[in-house]
Structures are given as C-alpha cells and as structure tokens.
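Letter by letter, the chains look like this.
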Amino acid sequence: MRKRNIVLYMCFVFLTNFTLFASFESVFLGELKGASLAGIAALFLTYQLTKLIFEIPTGYVADRFGLKKSALLGLTLILCYYAMLLLGGNARWFLVCAYVVKGVGYTLISGSIEALFVNGLDPDALTRYNGIERLVTYVSIASAAVLAGVIISRNLFRCVLVIDMITLGVTVIVTLQMREERAPDAGGRISPKKVWDFMRGSDTCLLPLGMDFATAFCFMEVEELYSKYLTELGVSTALIGVFIACQLVAAAVFGTFTYKLTEKVKPERLLAVCPFLLLALMMGVFLDGTPVWLKPILYTLSQTTFAVYAPVKYTIFQRSIVPEYRATIISVQSQCIALGGVASYLLTALLSRSMTLPHILLILGAVSGICYLLLVPRIISRAKARQFI
C-alpha cells in the first residue's frame, strides 16, 4: 500500500501542478478580462482571504471525515472555478465569486492528500521524498509553462482552460485510486482545542509557520506577477514560458539532491544561509539597473536556492506533527501562507497608485528579510535541541 500511494501521490503532485493557466493568470486577467493591476491584486486578495477563512475548518473536516473525501470535493470546486472563467463574463462580481470558489476548493485539497502520503512514510525519508516531490512539481510546472507560452502566444487562452479542466478530471481518477488507512475512531480523537494545545507546545511547529508567512509575503506576489513583469519589459509569452521552464527544472534538479547535500553540509548551515541568499537574488531581479537578460538568470538562481533549503525546513515541520493532527496543522500552514499573501496584496493595492511594481516587490523583500533574521536562528536552535537536524 505504501509503494502504491507513493506512486499515486507523485502522479497527483504532477497533475495538480500541471496548470497551464497558472503561469499566465495575471496576463489572462489583464488582457481578456480587462482588469488593471489593482484589479488583479484585488482578485488575488479575494482568493487569499478565502483561503485564510476556510483553511483551518477544511483541514479539520479532512482529519475528521476523511482525507480523500476532502480532496475530491476540492477538485470538484476547482473544476467549477475553471468553468466560471471559461463560460462567464467580465463582470467584477462574477470574477470575485470565481476566486472565492477557487479558494474554498484549494483549502479542501491542501494538506489532505499530503497528510495521507506523509502518514505512511518513515520520518527519516521525509527530506528525500520532499526533494523528489519538488522535482515532480517543478518539472510539471515547467512543462505547463512551455506549453502555455506557445498556446497563449497564439491568443488561445480558452484552450488553456480546457486543457487544465481535462487534467483535473484525470487527477480525480488518480485520487480515487489512493488508499487511506483510517482507524474507526480517528475522527473522534481530535478537536480544535487539542490541536491548538499541541501546536502551542511545539516551537518546531510554530516557528516554521512564521517563516512560511514571511516567504509568502514576498514571494507569492513575485511568482504570480513575474510573467506580467516580463511582458512589460517586452519579452514574448513564448519566451517567458521557456524562461519559467528552465528556472523550474534547474531548481528541481538541485532540490532532488538536497538530501545528499545534507550528508556533506550540515542542514542548519543550509537553513542559516540560503533564505537570505534567496532574498538577495530576488531583489536583484527587480532593481532598475539590472539588465533584462540577467533578470531570468537571477530568478533561476533564487528558485534553485529555495529548492536547496526548503526540504530541510519541511523535515523539521513534518517531524513535529503527530499523524492524527497532520491535515489540520498543514491547513494552519496554508493559512499562514494565505495570510502572508493577503498582507502583501493589501500593501500592493495601496502602493500601486504611487509606486511601480518592482519597487513594491523590493519593499516586500526587505520586510521578509527582517522576519527571517528573527526566525531562522530560533528554528535552528530548537530543531537541534530535538535532534530533528
């Protein structure tokens, strides 16, 4: 069963990340739906607020009533979201409703299948399989970005949405094949208070959540507006797709070997250095004096840097969680990420009338850097004390 679920989970990861629409979502909203930068930020903010509200309740539902059931319902809602974009109009209220549906669907999926997968793994294998998962993720996103860039360069946005809907249908079939081992009284053993008491007593669970918030505060917006930024610099959508693909493949290859790297370099050193290197590289992308040809290279290096240290943080976080609370706590993690996104989009909406996008992103990066300075040393010390690294 364990081997079967590993294979099916990696298929699930590939399919859920093979979204042609994701790399060019901001371009689609701007060109086909007529949304301004402030309007795009408002829709992304709606999505993040919805996730913020529903993350913990849906995680609790998954732990209480079943991980597979939660994921299947979420996939159905994401299909509805694509159908609304494909068949609906440009009215602002309708787009807001579509992003609310997307947000609820995402919260039902997030953490559920991941919890099912992690619950069947040996803790010592977490870093290795997280590296493999990132390889699958990045290869999937890269493949989707290249294909999307070619299709969108011919103005076939609706074709992209149809392909994504077909992919989601296949994902539903894969999810149905996964096996969930569940004790008869599993739902009765958890409650919101028990989960909160557990988290409050675990620094190695709480501190990485703060780091996730800081990362999302800067990099969620960078990732979602990166393609729009390059189009404003005059780069074609087809070339953007190739850039994104190369960046993700490079990050995936390095991330896969993180577990081998930790045999030669102490994990705490990777965690101490790489987050700050990541910020420095990202800020270099958006500096006015950086040549256009150098920007994708710096962005590639930033993605690679993240892939190197992320499995270390992931291992610390997952080893801190007991199986019966895993989906709920992963949902709390997703809520922290959503909260970081909400905060960054609110700030962008406020500053977009007086500042350019690159300058806004530099401000977000500076704030994230301060958070890293406060959190990273404490995460390392607590993880070493519990022998997680």
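Details of the structure are given in the entry above.
Positions within a chain are numbered from 1, following the residues in the order the chain's sequence is written. Selection of residues for local features in this predicted model requires a pLDDT of at least 70, selection of side-chain atom pairs for listing and counting requires 80 or more, and totals for whole chains, interfaces and linings are taken over all residues. For side-chain calculations, the full set of non-hydrogen atoms in the structure is used, while hydrogens and water are omitted.

Another point: the overall build of the chain. Along its length, the chain carries 16 helices and zero strands. With C-alpha atoms as the basis for the radius of gyration, the globule rule is written as 2.2 Å multiplied by the number of residues raised to the power 0.38. By the compact-globule yardstick of 21 Å for 389 residues, the chain fits well, its C-alpha radius of gyration being 20 Å. Dimensions of the chain, computed from C-alpha atoms along their principal axes, come out at roughly 55 × 45 × 35 Å. Only protein chains enter the accessibility calculation, which uses a 1.4 Å probe; a residue whose area is less than 20% of its type maximum is buried, one above 50% is exposed, and one in between is partly exposed. Here the chain holds 389 residues, and the buried ones make up 56% of them. The Shrake-Rupley method, run with a 1.4 Å probe, gives the accessible areas here. Residue values count only the displayed protein chains as cover. Within the structure as shown, the chain displays about 16,200 Å² of accessible surface, and the carbon and sulfur contribution to it stands at 67%. Averaging the positions of the 34 positive and the 23 negative side-chain charges in the chain gives two centres separated by 2 Å. For the purposes of this entry, the term helix denotes a DSSP run of H or I that reaches at least four residues, the term strand denotes a run of E that reaches at least two, and both are numbered from the N terminus. By the counting scheme adopted, Arg and Lys are positive, Glu and Asp are negative, and His together with the chain ends is not counted. Lysine's charge is taken at NZ, arginine's at CZ, aspartate's at CG and glutamate's at CD.

How two aromatic rings sit relative to each other is given by the distance of their centres and the angle of their planes. Centres within 6.5 Å are what make two rings of Phe, Tyr or Trp a pair, Trp counting through its six-membered ring; a difference in plane orientation under 30 degrees is then read as stacked, over 60 as edge-to-face, and the rest as tilted. Summed over the entire model, instances satisfying the criterion amount to 11 aromatic pairs. With centroids separated by 6.3 Å and ring planes inclined at 75 degrees, the aromatic side chains of Y47 and Y106 adopt a geometry described as edge-to-face. You can see Y47 sitting in helix α3 (residues 37-65) and its partner Y106 sitting in helix α5 (residues 92-109), a full 59 residues away along the chain. Ring centres of Y81 and Y82 lie 5.2 Å apart, and the angle between their planes is 55 degrees; on these two criteria the pair is classed as tilted. On the accessibility criterion, Y81 (1% relative accessible area) is buried. Each residue in the set F21, F44, Y81, Y82 and Y99 is aromatic and connected to the rest through ring pairs, giving one cluster. Both a distance and an angle decide whether a charge sits over a ring: NZ of Lys or CZ of Arg must be within 6 Å of the ring centre and within 35 degrees of the ring normal. Stacked on the ring of Y106, the Lys or Arg K51 has its end atom at 4.3 Å from the ring centre. Between the NZ or CZ atom of K102 and the centre of the ring of Y47, over which it lies, the distance is 4.4 Å.

Structurally, T167 is set in helix α8 (residues 157-177). For the pair T167 and L15, spaced 152 residues apart in sequence, the C-alpha to C-alpha distance is 6.3 Å. For T167, the contacting residues outside a window of four places in its chain are L15 and F18. Between two residues, a contact is recorded if the distance between any of their heavy atoms is within 4.5 Å.

Another point: the pattern of salt bridges. Between side chains of opposite charge, a pair can form as their charged atoms come close. The salt bridge definition used is simple: a Lys or Arg side-chain nitrogen within 4 Å of an Asp or Glu carboxyl oxygen. By the definition in use, this model includes four salt bridges. Residue D203 pairs with R382 through a salt bridge whose shortest N-O separation is 2.8 Å. Here the residue D203 occupies a position in helix α10 (residues 203-232), and R382 occupies one in helix α16 (residues 357-385), the gap between them amounting to 179 residues. The residue K384 makes a salt bridge to E268 at a minimum N-O spacing of 4.0 Å. Taken together, the residues K384 in helix α16 and E268 in helix α13 (residues 267-286) connect sequence positions 116 residues apart. Of the residues examined, E268 reaches a relative accessible area of 13% and is grouped as buried.

On to the nonpolar core. In summary, soluble globular proteins display a tendency toward joint burial of nonpolar side chains. By size, the foremost hydrophobic cluster in this structure holds 111 residues, and its most contacted members are F21, L29, L85, F117, M211, F286 and Y372. In this text, buried Ala, Val, Leu, Ile, Met, Phe, Trp, Tyr and Cys residues form a nonpolar core when linked through side-chain atoms within 4.5 Å. Counting residues in each nonpolar core, the second largest holds 10 residues, with C205, F317, I321 and Y325 among its members.

Below, the discussion takes up a nonpolar patch on the surface. Grouping into patches uses exposed residues only, defined as over 30% relative accessible area, and leaves out salt-bridged ones; the cut-off is 9 Å for like charges and 5 Å for nonpolar side chains (Val, Leu, Ile, Met, Phe, Trp, Tyr). Among the surface-exposed residues, F14, V139, V249 and V253 lie close enough to one another that they form a single nonpolar patch of about 260 Å² accessible area. Along the chain, the position of V253 falls in helix α11 (residues 237-256). Note on V253: relative accessible area 40%, which makes it partly exposed.

Turning our eyes to something else, we now look at α3. Any helix carries an expected span of 1.5 Å times its number of residues minus one. Counted at 1.5 Å a residue, the expected span for α3 with its 29 residues is 42 Å, and the 40 Å between its end C-alpha atoms agrees. One axis is fitted to the seven residues ending at the residue and one to the seven starting there. The bend at that residue is the angle between these axes. Of all the bends in α3, the greatest, near 45 degrees, is centred on F54, and the proline P57 appears no more than four residues after it. Positive phi appears at G66, one or two residues downstream of α3, with a value of about 135 degrees.

Moving on to helix α14 (residues 294-319). Between the first and last C-alpha of α14 there are 39 Å, a value that for 26 residues agrees with the 38 Å anticipated at 1.5 Å per step. With 21 of 26 residues buried, α14 lies mostly within the body of the structure.

The axes used here are C-alpha line fits, helices contributing only the stretch in contact, and every angle between their N-to-C directions lies in the interval 0 to 180 degrees. In the contact formed by α10 and helix α15 (residues 326-351), the axes pass within 7 Å of each other and the chain directions differ by 45 degrees. One finds that α10 runs oblique with respect to α15. As α10 packs across α15, the resulting crossing turns out to be right-handed. All residues other than Ala, Val, Leu, Ile, Met, Phe, Trp, Tyr, Cys, Pro, Asp, Glu, Lys and Arg, Gly among them, are scored as polar; the first ten of these are nonpolar and the last four charged. Split by residue class, the contact of α10 with α15 holds 14 nonpolar, five polar and three charged. Each angle is binned into one of four classes, with values under 35 degrees roughly parallel, values over 145 roughly antiparallel, values of 65 to 115 roughly perpendicular, and all other values oblique. Helix crossings get a hand from a simple test, with the near helix turned counterclockwise from the far one by less than a right angle marking a left-handed crossing and a clockwise turn marking a right-handed one.

Right, let's talk about the packing of α10 against α14 for a bit. Orientation of α10 relative to α14, taken along the N-to-C sense of each, is 155 degrees, at an axis distance of 12 Å. As judged from the angle between their axes, α10 and α14 are roughly antiparallel. Here the hand of the crossing between α10 and α14 comes out left-handed. Each of T204, C205, P208, L209, M211, D212, T215, V222, E223, Y226 and Y229 in α10 lies in contact with α14, whose residues at this interface are K295, P296, Y299, Q303, F306, Y309, K313, I316 and F317. Across the contact of α10 with α14, the residue classes tally to 13 nonpolar, three polar and four charged.

Moving on: the environment of V292. On the secondary structure map, V292 appears in the loop between α13 and α14. Considered as a pair, V292 and G234 are 58 residues apart in the sequence and their alpha carbons are 9.5 Å apart.

Before going further, it helps to examine the state of the cysteines. Note on disulfides: each one is a pair of cysteine sulfur atoms within 2.5 Å. Summed over all chains, the structure comprises zero disulfides. C97 takes part in no disulfide bond, and the closest cysteine sulfur, belonging to C80, lies 13 Å away.

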